[in-house]
Structures are given as structure tokens and as C-alpha cells.
Amino acid sequence: MSKQYETVIGLEVHVELATKTKIFCSCSTEFGGAPNTHTCPVCTGMPGSLPVLNKQVVEYALAVGLAANCQINQNCKFDRKNYFYPDNPQNYQISQLYLPICHDGYVEIDTAAGKKKIGIHEIHMEEDAGKLIHDEWEDCSLVDFNRSGVPLIEIVSEPDMRSADEVIAYLEKLRLIIQYLGASDCKLQEGSMRADVNLSVREAGASQFGTRTEMKNLNSFKAIARAIEGERKRQIELIEDGKAVVQETRRWDDNKESSHAMRSKEDAKDYRYFPDPDLPPISISDEWIQSIKEKQPELRTEKMARYQEEYSLSEYDADIITGSKHMADIFEQVTAICQKPKEAANWLMVEGMRLLKEHEMEMENMTFSAENLAKLIVLVDNGTINRTVAKEVFEQIFLNDIDPEHYVEEKGLKVVSDEGALKSAIEAILAANPQSALDYRNGKEKAMGFLVGQTMRSMKGKADPGAVNRILKELLG
Amino acid sequence: MTASEILSLTAVQLGKKIKEGEVTSPEAVKAVLGQIKAMEPELNSYVTIDEEGALKQAEEIQKRIESGELTGPLAGVPAAVKDNICMEGLKTTCSSKILSDFVPTYNAKAVENLKQAGAVIIGKTNMDEFAMGSTTETSAFGVTRNPWNPEHVPGGSSGGSCAAVAAAECFFALGSDTGGSIRQPASFCGVTGLKPTYGTISRYGLIAYGSSLDQIGPVAKDVTDCAAILEVLASHDGMDSTSVQREDYEFTRYLTGEVKGLKVGIPADYMGEGLDPEVKEAVLKAAKVLEEKGAVVETFDLGMVEYAIPAYYVIASAEASSNLSRFDGVKYGYRAKEYTGLHGMYKKSRSEGFGPEVKRRIMLGSFVLSSGYYDAYYLKALKTKALIKKAFDEAFSKYDVILGPAAPTTAPRLGESLSDPLKMYLGDIYTISVNLAGLPGLSVPFGTDEKGLPIGVQLIADCFQEKNILRAGFAVEQSRTYEMPSLAAKAMREKEEK
Amino acid sequence: MAHIIDDETIEYVGILAKLELDDAEKEAAKKDMGRMLDYIDKLNELDTDGVEPMSHVFPVYNVFREDVVINGDDRDQILKNAPESKDGAFKVPKTVE
């Protein structure tokens, strides 16, 4: 009989902070841009250049640490991590080893077995590396330092997770906290949130951890789940074959659904950390911590409660709407304009979610203006258009951010409110469908639905379904 | 004024004469360029001489002086800059093959401040490669010779700057001092060199050797010049996080000659074994001068002296190993012609680009930081540094100024030092602890030995107390007049006669 | 205690420091490093128990910059000294296998 194994997982999550400038120089952090157009002597490691710390980085790191229930190192400092690689312009990365800004925190996740605390070992601040572009034509690599020096926090968890589901729940929880704080947009695909998975397996009930590996290059939740499953299997197979798991860093290839060791003779993994002599230490006063706490924006749980209280949303609706900071932001903007929270919530949750799924988009890609959705809600509410037409209009807003008023006018989608025109259309439908009329009179309620549908079709959907029902009943009465 | 009359002036004297219209900046530049032409074949003080640029600058500055826009004491005065301090558009090599073609696109803050004051920058001076050395013999561009005797070294690492000032190849120069690199060559070349309190002059644009120890400072003909130059260079710079906001930025006001009641301590541990008797005698004579002017001089035990050098070599080498890792053939500087793969490119470029002394220190620094050794070496050295600082704190609770030698001997002969690196390192014994504790130190020429080589005495003050060493230095200096090496004087006379 | 630096150590330090030494240089480096470490051992004479390691000499804290974009596109300047460049980027030997 095969043995039972337990998977032990810890995460190192890198998050790019939403500052305007880099961590140690006044270059823009804006995404994109032609190679090396957001660079200066500091972030390209020019001789004689020196780093100066961006205060906002410390504030964001503190905010995340406090929201994740961390202790704060009120005296913290930066260290240099020394290694050679072309995306690392100084050949050392300024990071924190000895005194990271936050330590010993936790976040709570929901699991099938109930709530569970995932410990946070530490959070430290560091600089991002540049980007390497591989040039197939010349068989060389090209270095772009636009991302070099973009501020990161690295959130190191305790090895508290036992399954891919827990990992995903933890990541989603972190993402929500950080998005709500405004500290990062946490987009996995664009790399503003990146997770490295430390994984080991052990026989169920064992008290010692097994040898762990570190998995890199995971840029979607799906990839993370697949990589965890793949690595778990690989390690169990090794153990069952009587082989040892090697402590190493592996790179996940999501297309091949397999990983390979990133090893090199030239890669000594001896980072020779020492305190950076160019950067004085940071002293974080109680007052500073207090002011960060006071400035903390409304987090998800508070928002959920408020939505139920203030807008009378159901717990279910509030949960879904606050499931993304971006969605909650749109919801609040729309509600502020049209004062119809339930309508706003419905559109976002039903049609919005449906279209996101259909187009395989992330929540953050929902970029239409709140004003247009608010206008749509008003158009439905005052009967200018009916719900069927409104769905079509919503799709246009969702995809092309059109102005619904113009769109409805242009396409002639307004409800036909001319009673005479409606009545003659219905008379024509009844004349063409005598059997259905007879069925209804004989008590077949279903026939009514058919007749309404026929009428709506002939009116190209622009009729008010209520009026159609009423007139039909009158004529068949 | 004749060229030799101009060249005999100090920087402040020249600045005054330019302002008064007795001489123009372009005339001063031409005099200096003439002297450079005469001296360089013998001395090699410069790596780069910017003849054209200097004349152009001088003409512009002269106009701005005449229009009343530039009024500072250094306006129009020709100066030189050590080749580890970045200057936009001018090659900055650190006297290393690895940076032999590097032309910065930015100015060091110190250069910026000099330019703003209207100084005319003539060129970049030779140095020990990456400031690692005490003789200016480790330069990739040849040794610099001592103007007092070309068979001897000028000291280092700011040997080019000190030789250039001594030989009137400029009126003053910028140096940098990590373990004595301004004060020791100043003493060997008979010029005045000041290493200010750490953080006084911005390090932005100074190519780092040991970041926690490096400090730019002036090399000049006398204490008055050093104080005036320091006033121009010192500033709080937002681009250097270790730059300090000082309470005082005025230094020339302390040049009064008044030392009555000044408490001067001579560390007994600086005056014992290993110190050349002639240097010792000069220190005691300088003490006498101060005493005669009313200072109170005492001998005391400083302590910790013998631990400064080992602590320094751990800290400086560790920082250097990290600071110099950016020289990799990717972004600037030398890239090997033949290599296999990325790591091959790194190794070949660095091995071909760095000289032996630099490699020695990078290796040592990488080792002391490597896994398993950090606590035993680096942390131990940082603790030692704390104890050294404490020893100075105690000393400065009793004394305003510490007086001692700048170096154990006068300038050694060329080639004598490099054969035994450890012995060379020991020559920094009186200067190194000043860097570890962040203190200001001033080297003032005080006579010559029997071979005719200059002797320098060193004055050390507590952090931010430059005023005390300027006061004492000025008083010491008043007992003698500035001497120019005969070689330089001869070159001037010969030109004149032609 | 005299430090003996072996070939392996020199090899390892060479990997860390990205320096390639020929045999003569290696021998010299072994000797130099051993001598320096012997000398540095002098620090062991000192009792440093309870001494706080000092990395910065002055008690200066919290040197910050405000989060304001000042630098613009300076690419031509940044690439000016590059040994090799292409399409606005620094060109290096291939970094992946």
C-alpha cells in the first residue's frame, strides 16, 4: 500500500509597489516605454552614482505589514546582496536581510476546513532588476533597465500551506489586502505580483520537514496550481524510488507542465550580504506607525459590512463586489452618480462577470467609465430602454466604453411608447397566430409567453414588455 | 605678471589678483599649461589634460568675473581633479584599464560646486588604481614621480593631485581620502591636504572604493587655500544619503593664528617604534610652535592604534569588492575581446581590466564576506571600528586637536613599496583610524628631512570640528614660508629665460 | 594561527569575484590572502563582546526623497559608454541556454 504524503508549502511573493518613482532614484516606474527610456545614472549603476530612498516605499511597506498583522522593526536598514547578472546593473541588489522592515505577521484564509492563519515570516523592501530580451537574430541578450530600481516588497510566508487551494487562497487574500491599500495593482500577468513556491513533502505525521525546492517563473494562479501538483508528484516519485530531493531552484515551464533545475557552476549562491554603506538606517517611530494606521484605507471586511449597511446589498452580493478592489471602486463610482446601488451591483455581478469570463479578461481590465454605466442604469430606470436592449448596450459599454445615451439614440433603441402602434402590431400578431390565441383563451398560460415573444420580435425588442402583456390581455380578454 | 610670478601664488592670492585685474584667468591657465608641458615628461601627474576646454572655460569665467557675476575667492583659478571624480565630458578612468575610455555624462557634486565657484578645471590627475595604494605606482597609466625628487614616489593614492600642486601644475586639486590618500601624499609632496569630516563633501560622482570611508578633500599650497576650497566644496547634497547637514559652512574665519588655550594631545602610540626620527622631531617642533603661541600640549595614550589597519582592510576590501562589481563590461568600460559566454565575458573583462592590487583587495573583500566568514571578519571589524571611535571620543573629551605624523617616513623610493603589500599597508597607520572614525584630518608641510624630502604633520579634530585643525594648522604654517620643489622652480626659471 | 589558503578557496573566491587568475597569480593570491588574514587575526585579541557593530559613524536616520518624477528620457546619455548596444539596449552574451 502506498504511503500518505503531506505537502508543505511556503511562498515568497514579490509585489511591485505603486509608487510614481523608483526606490532609489527619481525615474518613472511607468510600465512599458522603449528600452532604457526610464533610466538614469543611479538605476543603471553608473560609477559614482548613489541611492536615495523613496519615502513612499517605506510607507507602503509599513501599510502592508500592518494590514498583515506584522511586527515592525523600528530600526531597519538595507543590505547589499551580491551576485553578477546583466539585469542587475550594480551586480548587487539593495535588499534587506538582517533587519527587514516587518516580521512575524499572518493573514487568515478560508479553507474547506474553516479559517486558517498563514504566518508571515517577514516583509522586506528591495529593488527590482532590469529586463533581459533575448535576441534570436544575433544570438545575444539585450538589457533594458526600465524596471531596474522599481520598488518591491518581498513577503515571505511561513511553511504553513498544505495544498494548492490554500496557496491560491493565501495569494488572493494578499492581493486583496494590497490592492485595497493601494500599495500595488498586483497583476500576475504583468509581473507586478510574482510568487516563488517553496515546496517539500513528508510522510503524513512526520515531524521533520523534507528537503524543499524553490519554483520560479509562475505567472498565473493556474500555473501555480499546476506547478505545485507537478513538483509534489516529482518529489514523491524521487522518495519512493529511494532517491534524495535536492535543495535547488527550479524553473517552471507552464507550456510543458514541467520544471527544470536552474543550476550553474558560476552560480555560487553565496550572496555576501552586508549593510549598505550608502544608505543610513531607517528609524520608524511609534507616531509614524500610528499615522500609517490612521491613513489606512477601508479594507475589504469593512467595505463588505458597509455595503450591506449603507446600500442594503445582500452578504452574497457584497462579497462578490468587494472580491476585487477594482470592482468595488467601479461600484462605488457608479452608485455615487446614479444612487442605484442594487442596479449597479447587478450589472457588475451578472453581465460584467459573464463578459469577463467570455473574453478571458481579468477584473483589472474592466476599464469602462463609471459614468456610462450610471447613464445606462438611468435609461432603464426611466423606461427609455428595456432590459433586453440594455444588455446589448452594456456589452458595448464593457467593450468599447460607449456613451449609452448617444448609442441608444443613434441605433434607435428607445422603447416604443406609442400605444396605437403597439396595438396594431399586436393585432397583426394575433391574426397571424390564431391557434395560440385560442390556446390562451382555453387556459394555456404558456401561449401568452409565445405571443409576447412574437410581439417583441416584430418590434425589434424596443417594446415595453409590461405594455405588451397588458394590451395582449385586453385584446384576448 | 610673469608666468613664474603667477605660478608662485597660492589659489586665494591668485583669485584676488584676478579680481583686482592684475592678471586674468586665461593668463593663469596659460602659465599652468606651460608648467605642465615642462613638468609632465618628468612627473606624469595628469591622466588627462584638457588644454582646449580649460582655455575656453577661462575666457568665459573671465567675462563673468569682469561682469561682477563671479565674486568668489576661487573664480578663475586653475584647478585639477583626481581621476576618480566624475566630470561630464572628460575621461574619468580611476587610473584603471577597465575605465580607460569612460566619459561620464554627469558631474560629481564636488565638481559642480567647483564650477559654480568659477574654478577652471585643467585636467584629471593620476592616482593609484581605484585609489588602492599609497604610492601612485598602481596606476595603469604609469607612475607619478615626486617633484622634490623624481626617484621617489609622491605617495598615494592622490599622488597626481599632490604632485601637480607641488609642481605648480595647478593651483589646487581635489583628492579623495579613504585611508590617508590625501594626507599622506600631501606630506610626501610638501603640500597641504585636508580630509573633512565624513559627509561634509558630497560623494555623488566620486567613484566609490570604500563607501563608508571615502571623502573628497582639497589639496593646496597652504591652509588658507584649503579652508577657502572647503567652503566651496562643502554642501548638503540630496543625491548623497550620507551627506550631512552641517551647522557651519564657514571655514576661513578660523584662520586667525590664535591658538591660545587650544588643547593639543600627542598620542604616545603615534610616536614610538616605526616612526622615522626626523619625522618625530618635526612633530615635536610643530608642538613647540603651538605651545609657544599659547596652546596646551600634552602626550597621552590614544589606544587601539594597532587595530585600525586590520579593521580597515577588512571593511575597505569588503566594500570595494561590492563597489567594483559594477565594472563588468556591460554598461561602460573595458570588455574583453575574446571570451566564451556571459561569465567568460565577466571574468576576462575584469581580469584583464583590473591591476594586481585591485584584484588583491577584491579577492580579500569577497572572501571576508563569504558564507561562514562574515561574523569572524566583517562584523568583528565593525565592532573594532566602534571601539576606535570610542577611543577618539575619549581623546576629544580632553583635547581639541590631536597632533601627530601624517606618515611614518618621508617618501620612499620608487619600486620599494609594492614588493611587500603588507608593509605598504602599515604606512597608513596614522591616517587610517581617522577614516574609520569619520574625523577631519589635515596634513601640513613642516620642514624636510636630510634628503630634502618634505615632512608633513597631521592635525586631527573631532567630527565637525574642522575649525580646530584649521586654527592649529594655520598657526603651525605661519612659522614657515611655502616652498616650491627646486625642480618646479627650475622649470619656471628656464621658461622665463627663454 | 597561520591561514593556509588552498586552491579550492581561491577558485571559489574567483567565482564570487568574477576574476580569472593564471597559475602564478593564483599562487601569489594564496600567499597574499593568507598573510593578510594572519594579520587581520590581530583583531581577535580584542574583546568585542557586547560591542554594537558600527556601519555608519554618525547616528543619521531617515534620509528620504519625495516620490516625484524628475528624470526624463536620458537614454542616449546612458548608452553612450556601452561597449555594445542594440535597439536602445545594452548588448550582452546570451543569458539563456
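Scroll up for the structure.
What you are looking at is a predicted structure, and each value in this text was computed from that prediction instead of being measured.

A.B. asks: Lay out the overall build of chain B in plain terms, naming residues and giving numbers.
C.D. replies: Looking only at helices and strands, chain B has 17 helices and 11 strands in total. Against the compact-globule benchmark of 23 Å for 498 residues, chain B has a radius of gyration of 21 Å, which places it among compact chains. Sorting the 498 residues of chain B into buried and exposed places 68% on the buried side.

A.B. asks: Give me the sheet that holds strand 12 (residues 193-203) of chain A: which residues, what numbers.
C.D. replies: Residues and elements named next belong to chain A. What the 9 strands build is an open sheet, ordered 3-7-8-11-1-12-13-14-15; its pairing is mixed. Strand pairing shows two members of the sheet lacking a second neighbour, strand 3 (71-72) and strand 15 (258-261), which therefore form its edges. One ladder, built from 9 bridges, connects strand 7 (residues 102-111) with strand 8 (residues 114-127); its direction is antiparallel. The residue of strand 8 that forms the bridge with Glu-108 is Lys-117. Running at roughly 165° to strand 8, helix 1 (residues 55-67) makes contact with strand 3, strand 7, strand 8 and strand 11 (151-157) of the sheet. Against the sheet, helix 3 (residues 221-240) engages strand 1 (5-16), strand 12, strand 13 (213-216), strand 14 (249-253) and strand 15, with an angle of about 30° to strand 12.

A.B. asks: I'd love a proper account of the interface of chain C and chain B, names of residues and values included.
C.D. replies: Of the residues lining the interface, 36 residues belong to chain C; the matching set on chain B comes to 51 residues. Secondary-structure elements contributing two or more residues to the side of chain C that touches chain B are helix 1 (7-17), helix 2 (23-40) and strand 3 (89-93) of chain C. No other element matches the 7 residues that helix 2 of chain C contributes to the side of chain C that touches chain B. Broken down by class, the residue content of the side of chain C that touches chain B amounts to 23 nonpolar, 6 polar and 7 charged.

A.B. asks: Please give an account of the sheet that holds strand 2 (residues 78-82) of chain B that cites residues and values.
C.D. replies: Residues and elements named next belong to chain B. Across the sheet, 11 strands lie side by side as 1-3-2-4-6-5-10-11-9-7-8; this open sheet has mixed pairing. This sheet does not close on itself; its edge strands, each paired only once, are strand 1 (46-49) and strand 8 (296-300). In this sheet, adjacent strand axes meet at a mean angle of 30° when their direction is disregarded. As paired elements, strand 2 and strand 4 (residues 172-177) share 3 bridges and run parallel to each other. By the bridge assignment for strand 4, Ala-79 is matched with Phe-172.

A.B. asks: Give me the interface of chain A and chain B: which residues, what numbers.
C.D. replies: With 26 residues of chain A at the contact, the number on the chain B side is 31 residues. Split into classes, the residues belonging to the side of chain A that touches chain B amount to 15 nonpolar, 6 polar and 5 charged.

A.B. asks: Can you explain the nonpolar core? Please cite residues and give values.
C.D. replies: Counting residues in hydrophobic clusters, the biggest one holds 278 residues, and the most contacted among them are Ala-61 and Val-64 of chain A together with Ala-79, Leu-290 and Ala-308 of chain B. Top element by residues in this core is helix 10 (residues 305-323) of chain B. It accounts for 12 residues. Once residues lying within four places of it in the same chain are set aside, the contact partners of Ala-61 of chain A are Ile-101, Cys-102, Ile-123, Met-125 and Ile-153 of chain A. Tyr-307, Leu-422, Met-459 and Val-468 of chain A belong to the second-largest nonpolar core, a separate cluster that totals 40 residues.

A.B. asks: Please set out the pairing of strand 5 (residues 79-82) of chain A residue by residue, giving values where relevant.
C.D. replies: Residues and elements named next belong to chain A. Covered by surrounding structure in strand 5 are Asp-79 and Lys-81 together with Arg-80 and Asn-82, the residues of both alternating faces. Both strand 5 and strand 6 (residues 92-95) contribute to a ladder of 4 bridges, which runs antiparallel. Bridge pairing in strand 6 places Lys-81 opposite Gln-93. Here strand 5 runs beside strand 16 (residues 274-275); their pairing, made up of 2 bridges, is antiparallel. Looking across to strand 16, one finds that Asp-79 is bridged to Pro-275.

Cut-offs used in this document
Residues numbered from 1 in each chain as written. Chains lettered and ligands numbered in written order. Predicted model: local features only at pLDDT ≥ 70, side-chain atom pairs only at ≥ 80, totals over all residues. Helix = DSSP H or I, 4+ residues; strand = E, 2+ residues; numbered from the N terminus. Rg over C-alpha atoms; globule rule 2.2 N^0.38 Å. Buried ≥ 20, exposed ≤ 12 C-beta atoms within 10 Å, placed from the backbone. Pairing = 2+ DSSP bridges. Contact = placed C-beta atoms within 7 Å. Axes fitted to C-alpha atoms, helices over the stretch in contact; angles between N-to-C directions. Nonpolar A, V, L, I, M, F, W, Y, C, P; charged D, E, K, R; others polar. Core = buried A, V, L, I, M, F, W, Y, C linked by C-beta atoms within 7 Å.

Nothing here speaks to function; it is geometry throughout.
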